[in-house]
Amino acid sequence: METMQKGFSSLRCGLIGEHLGHSFSAPIHALLADYSYEICELAPHEVGDFVKNSRLDAFNVTIPYKETVLPYLDTISPEAKRIGSVNTVVRRANGQIDGYNTDYFGFDAMLTASGIPVQGKKTVVLGTGGASKTVQTVLSDRGVGELVVVGRTSENNYENLYLHYDADLIVNTTPVGMYPKNGQTPIDLSHFRNCKGVLDLIYNPAKTALLLKAEELGISAMNGLYMLVAQAVKAFEFFTGESAKAGVIETITKRIASRTRNIILIGMPGCGKSTVGKILAEQLDRSFLDADEEFFAMHGITPADAIKTLGEDCFREMEHEVLYELGKKSGTVIATGGGAVTRSFNYEPLHQNGTIIYLRRDLSKLSKKDRPLSQSTSPEELYNKRKVFYEAFADLTIDSTEIPEQTAARMLAALEMV
Ligand code: NAP
């Protein structure tokens, strides 16, 4: 996608923080505008001098420097003052250095986009750090009902959380469940009998264990990507002094979500998952990961030998370890083993960051090469056992044709990636 707003190529922007290897900010700003956006990892003692004298015209600030920058600013916007931290700094032509907190606008936009009502609603905010303060400020401005902030060592903590099982809304501002510690959750959502909405500020994985639980319970839920993009769009407005075009937040959020989502292929042994997967990966310029090859790399034994020597149950446990690691990745194409769907514990690792596509193929056309279980059991028997699992796991079903390129093209069309 082309940069959405042009005419700012002379502007020098960027991001400061301590460890910025996994930051999504550069790709978001690259989609947003044609200014340069430099990633600057700084040591604590370098921050003051950077704010005062850097060559950048404007920059974002992330962990752990959102408070560190405060003493070096000439003005601090009202919302940043109330929150006590700044994440956007602009150096004016006259040398004045202004600070803002665009996370405030980001979370406010996320609330609006989620459609989850806040006014008068009892809300539990998990975590007491910087993001929690922003969330609390927005919620108060929105006329939230009782606001309960839960911290591990606070008056409201995880030991007495049962006092608040009647909350309407839950906002997670802790990093629990964030990559690479996928699968962890700060609370057991099933206790919250009145809960109508869950907002998780984490955006990697796309669905944390908390959001997966909300989905399972039929509770409205949203991850933090929209907030991240919305705060960047607000930063763009402060950087450039111009208003963003309508719909920019939605377009970029969709684009980043699609770029980071894994495409996961399931289907009968021999249905063409690897062949089609490799074509998709090449066309999208993504890595292709074959679960059978990853199995060998992790366990030092092929799936066929593991089934033969250790039995299917043991093999499935080992396969789960592989899928747990693969499912944490972003923006890859993954071909799974034909029987991965027979274990429900594989669903969440694959679903958290991926669109699961069932590649359906006429049984008479299945390849029999290197298929340990399909050699001892007829394809019909295997299919009758597994059909229900393929359908339960699948977000999309695509029929596999004789020409894998055509199958890949129909997948891309179904994923709206053409
Ligand atoms: P922070 O200042 O370090 O605060 C995180 C808070 O979470 C801590 O104060 C702590 O509260 C709690 N916490 C930490 N580890 C925990 C654990 N193992 N179990 C339970 N609670 C734990 O970080 P932050 O800047 O507020 O960011 C928090 C999260 O929000 C991160 O995941 C970050 O990526 C995300 N975030 C997202 C956006 C966005 O645009 N989507 C913006 C800002 C932040 P207690 O010690 O009181 O329990």
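Computed from a prediction, not measured in an experiment: that's the story for all the values here.

## Some details on the site of the ligand
So, step 1. Near the ligand you find 19 residues, and of these T128, A131, R152, T173 and G224 are the closest.
So, step 2. Within the backbone of G129, an N or O atom sits 3.1 Å from an oxygen atom of the ligand.
So, step 3. Note that a nitrogen atom of the ligand is positioned 2.9 Å from one of the backbone N or O atoms of L201.
So, step 4. Notes on the ligand: free accessible area 910 Å², of which the protein chains cover 75%.
So, step 5. If you map the ligand onto the pockets, it falls in the largest pocket.
So, step 6. Taken together, the elements giving at least two residues each to the shell around the ligand come down to α5 (130-141) and α7 (225-240).
So, step 7. Residue classes in the shell around the ligand are distributed as ten nonpolar, eight polar and one charged.

## A short note on the pattern of salt bridges
So, step 1. One pass over the full model with this rule turns up 21 salt bridges.
So, step 2. Across the salt bridge formed by E319 and R316, the nearest N and O atoms sit 3.0 Å from each other. Taken together, the residues E319 and R316, both in helix α12 (residues 312-327) and three residues apart, mark about one turn of the helix.
So, step 3. Residue class for E319 comes out buried when judged on its relative accessible area of 5%.
So, step 4. What makes R316 buried here is its relative accessible area of 2%.
So, step 5. Through salt bridges with shared partners, a single network forms among K122, E146 and D166.

## Side note on the environment of G21
So, step 1. Residue placement: G21 occurs in the loop between β1 (12-17) and α1 (25-32).
So, step 2. Classification of G21 by relative accessible area gives exposed; the value is 71%.
So, step 3. A sequence separation of 382 residues divides G21 from I403, and the C-alpha atoms of the two residues are 40 Å apart.

## Quick notes on the side chain of N346
So, step 1. The residue N346 is located in the loop between β14 (333-335) and α13 (347-351) in this model.
So, step 2. Given the relative accessible area of 0%, N346 is considered buried.
So, step 3. Dropping the residues within four chain positions of it, N346 is found in contact with E319, H320, L323, A340 and F393.

## So, the sheet that holds strand β15 (residues 354-360)
So, step 1. Judged by pairing direction, the sheet is parallel, and its five strands sit side by side in the order β13-β14-β12-β15-β16 without closing on themselves. Unpaired on one side and paired on the other, β13 (288-290) and β16 (396-399) mark the two borders of the sheet. This sheet shows a mean twist of 25 degrees between the axes of neighbouring strands, independent of strand direction.
So, step 2. By the bridge criterion, three bridges tie β13 to β14 in an arrangement that is parallel. Looking at β14, one finds that L289 is bridged to I334.
So, step 3. Together, β12 (262-266) and β15 form the strand contacts of helix α15 (residues 379-393), whose direction differs from that of β15 by roughly 150 degrees.

## Things to note about the environment of V89
So, step 1. For V89, the position within the fold is in strand β5 (residues 88-91).
So, step 2. Setting aside anything within four residues of it in sequence, one finds V89 in contact with A58, F59, V61, L73, I97, D98 and F239.

## A look at the domain arrangement of the protein chain
So, step 1. Here the domain parsing of the protein chain yields domain 1 (12-101 + 227-257), domain 2 (105-223) and domain 3 (262-414).
So, step 2. Look at where the C-alpha atoms of domain 2 and domain 3 centre, and you get two points 34 Å apart.
So, step 3. The partner domain 3 presents eight residues to the eleven residues of domain 2 that form the contact.
So, step 4. Taken over both partners, the interface formed by domain 2 and domain 3 buries close to 770 Å², and the fraction arising from carbon and sulfur atoms is 43%.
So, step 5. Contact with domain 3 buries surface across domain 2, with N182, K207 and L212 losing the most and accounting together for 51% of the total.
So, step 6. Applying the counting criterion to the domain 2 and domain 3 interface returns zero salt bridges.
So, step 7. For the pair domain 2 and domain 3, the number of links is seven residue pairs in polar contact (both at pLDDT 80 or more).

## Quick notes on the packing of aromatic side chains
So, step 1. Taken as a whole and judged by the stated rule, the model has twelve aromatic pairs.
So, step 2. Ring geometry for F50 and F59: centres 5.2 Å apart, planes at 85 degrees, overall edge-to-face.
So, step 3. Through pairs of rings, three or more aromatic residues link up here, namely F8, Y35, F236 and F239.
So, step 4. For K234, the ring lying beneath its charged end belongs to F105, and the centroid distance is 4.5 Å.

Rules used throughout
Residues numbered from 1 in each chain as written. Predicted model: local features only at pLDDT ≥ 70, side-chain atom pairs only at ≥ 80, totals over all residues. Heavy atoms only, no water. Near = heavy atom within 4 Å. Polar contact = N/O pair within 3.5 Å; in protein donor to acceptor, adjacent residues only side chain to side chain. Areas by Shrake-Rupley, 256 points an atom, 1.4 Å probe, with all protein chains shown as cover. 1 Å grid on protein atoms, 1.4 Å probe; cavity = no way out; pocket = protein on both sides within 12 Å on 5 of 7 lines; lining within 4 Å. Sits in = over half its atoms within 2 Å of the grid points. Helix = DSSP H or I, 4+ residues; strand = E, 2+ residues; numbered from the N terminus. Nonpolar A, V, L, I, M, F, W, Y, C, P; charged D, E, K, R; others polar. Salt bridge = Lys/Arg side-chain N within 4 Å of Asp/Glu carboxyl O. Buried < 20%, exposed > 50% of the residue type's maximum accessible area, 1.4 Å probe, protein only. Contact = heavy atoms within 4.5 Å. Pairing = 2+ DSSP bridges. Axes fitted to C-alpha atoms, helices over the stretch in contact; angles between N-to-C directions. Domains from an automatic or database assignment. Buried area = accessible area lost by both parts, 1.4 Å probe. Phe/Tyr/Trp six-rings, centres within 6.5 Å; stacked < 30°, edge-to-face > 60°. Lys NZ or Arg CZ within 6 Å of the ring centre and 35° of its normal.

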